[in-house]
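# Architecture and fold: a report
Chain by chain, the residues run as shown.
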Amino acid sequence: MENELAHGAIKKNIERADGRATSAVITRAAYLCDAANFISDELSAVYADIFDEICTGDDARGIYAERRADVESKIALSNSLPRSKKYISHGIEIFDSCFICSKIHRQKYSAGDAARAFFGAAKIQKGAENNAKIAFVAGKQANAAFEMFARFLGTVSAFGVESFSDACDAASEGDADYCIVPLENSAEGRLDGFYNAVGKAGLYPLLGCRIGDGDGYTRFVLFSRRALYAEADGMSMMQIRLTADRMGDVSDILSAADFFGADVTRIDTIPLSAAGRENSIDMIFKVNDADIAGFITFLRFEYPQFYLFGIFTDISEGGGR
C-alpha cells in the first residue's frame, strides 16, 4: 500500500513538472519566434530574396550568428549531473537553431524552389525534350533506366559509350544532352569512382531510379550539364556531403532533418581515398513534405562546409524507396 502511494505521488509530481515544462517551452518558442522575425527583418532590409542569399552567399550567416548568440540557452541544470547537463543543453541548442531557421522564412518553398535558389535550376516538365541524346553504357539494368527516364523526358535517343566516365564526358562536352550513371548497388554500396567522374564533369542530377535484378538493385541517376529540376511524379530527394568536425554532427543533422520533416534514406561514410579528407559523410533525404528551406537554412548557418550534391526526383515505382 505504501509503495502504491509513493508511486502515485511520484507520478503526480512528474505530471505537475511536465505541465510547468510545457508552459515554459511554449513561452520560450514564442520568444524564439520573435528572434527569428528580427533576423528575417534584418535580412529583408538588405536582400531582395532572403532564401537566395542564404543559399549562395555568406553574409546572411554572419547576421544569424550574431543574433543567435543573443538567445543562447541559459537554463541552469544541476552540476551533480554533468553528463546529463551537457546532453540536455546541447539538445536545447539544436532545437533553438532548428526553430529559428524554420521561422526565418515567411513563405513555403518547394524542392524545385530550393533547386532554383541554390543552383539557378530551371524547371522541366514531362515530355519537354525533343531529340535529346542520353549517353550511357548499354546493359540490362541501364537499358531499363534509360526507358524510365525517356518516358519522362519525351523524344530522346541513346548515345552509346564504352564507359560511364565517357558518358559523363559526353554530357559535359555537349556530345550528349544527358548521361546515365549508376551511383549505388546492393553488392558494393556507394560507387565512389562514378561519383568522382560526375564531380569532375560538373554535372547536375535530374532524375533517379532503382532498378531491381533478382534480390539486388542498382540506383541510376540521370545527369545534365544544365541545372534543371524535374517536375515529375515521384519522390523529391536532397543529397548532401559533409566533412564532420566530430561524428556527433551526424546525429545533430539527423535530429534537424526529423524536425524539418526530411526522412533520411541512406548514409555513407566516404573513404579517405575518395573524399580526400577524413570524416566525410554522404546523406540522402526524402524532402517531398519537408520544410526544405528551413533545413537548408539550418545546414548553411550551422554547417557552412556542407556541400549540396543535388536536389532531384526519384521516379522509381513507389517514389524513391
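It should be emphasised that the depicted structure is a prediction, and the values quoted were computed from it without experimental measurement. (Residues numbered from 1 in each chain as written. Predicted model: local features only at pLDDT ≥ 70, side-chain atom pairs only at ≥ 80, totals over all residues. Heavy atoms only, no water.)

The next subject is the state of the cysteines. Summed over the entire model, instances satisfying the criterion amount to zero disulfides. Here Cys-101 is not cross-linked by a disulfide; its sulfur's nearest cysteine counterpart is in Cys-98, at 7.1 Å. Cys-179 supplies the cysteine sulfur nearest to Cys-209, a cysteine that is in no disulfide, at a spacing of 13 Å. According to the relative accessible area criterion, Cys-209 is buried, its value standing at 0%. (Disulfide = S-S within 2.5 Å. Buried < 20%, exposed > 50% of the residue type's maximum accessible area, 1.4 Å probe, protein only.)

Looking at helix α8 (residues 192-201), one finds that the buried residues are Asp-192, Tyr-195, Ala-197, Val-198 and Ala-201. Taken from the residues just after α8, Gly-202 is the one with a positive phi, measuring 65°. (Helix = DSSP H or I, 4+ residues; strand = E, 2+ residues; numbered from the N terminus.)

A few words now on the side chain of Asn-185. Tracing the chain through its elements places Asn-185 in strand β4 (residues 178-185). With relative accessibility at 12%, the residue Asn-185 sits in the buried group. A polar atom in the side chain of Asn-185 sits 3.1 Å from the backbone nitrogen of Ala-187. Excluding anything up to four places from it in sequence, Asn-185 contacts Leu-191, Tyr-217 and Thr-218. (Polar contact = N/O pair within 3.5 Å; in protein donor to acceptor, adjacent residues only side chain to side chain. Contact = heavy atoms within 4.5 Å.)

Relative to each other, helix α7 (residues 164-173) and α8 sit at 15°, their axes nearing to 9 Å. Judged by the inter-axis angle, α7 sits roughly parallel to α8. Between α7 and α8 lies a crossing whose hand is right-handed. Taking contact as the criterion, the partners of Phe-164, Ser-165, Cys-168 and Ser-172 in α7 are, on α8, Phe-194, Ala-197, Val-198 and Ala-201. When its residues are assigned to classes, the contact of α7 with α8 shows six nonpolar, two polar and no charged. (Axes fitted to C-alpha atoms, helices over the stretch in contact; angles between N-to-C directions. Parallel < 35°, antiparallel > 145°, perpendicular 65-115°, else oblique. Left-handed = near helix turned anticlockwise from the far one by under 90°. Nonpolar A, V, L, I, M, F, W, Y, C, P; charged D, E, K, R; others polar.)

Counted under the stated rule, the structure contains 18 salt bridges. Salt bridges here are not isolated pairs; linked through shared partners, they connect Glu-184, Arg-210, Arg-219, Arg-266 and Asp-268. (Salt bridge = Lys/Arg side-chain N within 4 Å of Asp/Glu carboxyl O.)

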